[in-house]
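Structural features, examined
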Amino acid sequence: MWKDFFYYSKSERRVILFLLVLAVFFLGFYVGAGRWSSQESAPEAKKSPAVDSFIADVKARKHRNYPRRELRNDAAAEQIPVVLSPFDPNTADSVTLRRLGLSAFATRNVLKYRSKGGQFRTPESFARIYGLSEAQYEELYPYIRIPKQQPKYDTVLHRASVKKDSIIPRVSYKYPEGTVIDLNAADTAELKRIPGIGSGLARMIVAYRNRLGGFYSVSQLQEVPHVGEELNKWFKIESDSLRRLSVNRDNLDRLRSHPYMNFYKAKAIVEYRRKRGKIKSLSRLSLFEEFSEEDLRRLSPYLSFE
């Protein structure tokens, strides 16, 4: 082959030599690149477990750090333990209200109401605070203490005008067995004369009677906390003077304040009136998904569709 090479002209031999050198160069480059690639891939394969270990360690650290944050968040979100104790809703601060079980929303509403000059004159007025559920109010009612406003007068002149002979000692006694009184007409003084009923329980019965609009059955007494069936024998229902809800006239707050209603029931009535007009009978309410058959049975004596 080399003999044939010398038959070419000088310029042709130069081109052939140049091409040979170029081919050798690219062949060497290709072989070197392959070796370098194989050398690089081998360490990568060796380093892969180390990289995986590093990533796993980072994840483990994150896992160790996040629980601490979660614990802090859980501690912040943890509900304040409920401690029931006597309180005045006109003076209780936010800490006291929260310890009584009120939510942050309800607590803000109480403070906002007072800051605007509002005052709770009766326990029932405290029940109208937004965010305070009916169950919470029933639980808090025995602990609400609203001092009665004392008349303004000159204490010196008053003391001088009171004679010792005019002071009549209070005599407290209980009714004898077999006494029966009208549950809707009895005041707290008369209720306290029933064996087993003290001042606190008497106030709770009267307050619940006012919220209901009157009792239509003696068995409703068991809806008052701490009142057992053994007290039913002391009462009867004589006066039929129930205070009824006007289904087509009362506003949302008036409707939802009744013990047998709630926000959702009252809102369903108000929304129906707004969109379709008056509700003419109890049968129409039975079509509302918010009212069960038991709800309608209990509510029927207290509803007026005029």
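Shown above is the structure to which this text applies.
Bear in mind that the values here come from a model prediction, so they are computed numbers and not experimental data.

1. Concerning the packing of aromatic side chains
Overall, the coordinates contain ten aromatic pairs when judged by the stated rule. With a centroid separation of 5.3 Å and 45 degrees between ring planes, the pair formed by Tyr-272 and Phe-288 is classed as tilted. Taken together, the residues Tyr-272 in helix H11 (residues 263–276) and Phe-288 in the loop between helix H12 (282–285) and helix H13 (293–299) connect sequence positions 16 residues apart. In this structure Tyr-272 comes out as buried when scored by relative accessible area, which is 15%. Judged by relative accessible area, Phe-288 falls into the buried class, the value being 11%. Ring pairing ties together the aromatic residues Phe-87, Tyr-113, Phe-120 and Phe-126, which thus form one cluster.

2. Regarding the side chain of Arg-211
Take Arg-211: it is sitting in helix H9 (residues 199–212). A residue is classified by how much of its surface remains accessible, and Arg-211, at 13% relative accessible area, is buried. Within the structure, the side chain of Arg-211 is placed 2.4 Å from the side chain of Glu-138, a separation counted as a polar contact. Beyond its immediate sequence surroundings of up to four residues, Arg-211 is in contact with Glu-124, Glu-134, Tyr-137, Glu-138, Ser-257, His-258 and Pro-259.

Thresholds applied
Residues numbered from 1 in each chain as written. Predicted model: local features only at pLDDT ≥ 70, side-chain atom pairs only at ≥ 80, totals over all residues. Heavy atoms only, no water. Phe/Tyr/Trp six-rings, centres within 6.5 Å; stacked < 30°, edge-to-face > 60°. Helix = DSSP H or I, 4+ residues; strand = E, 2+ residues; numbered from the N terminus. Buried < 20%, exposed > 50% of the residue type's maximum accessible area, 1.4 Å probe, protein only. Polar contact = N/O pair within 3.5 Å; in protein donor to acceptor, adjacent residues only side chain to side chain. Contact = heavy atoms within 4.5 Å.

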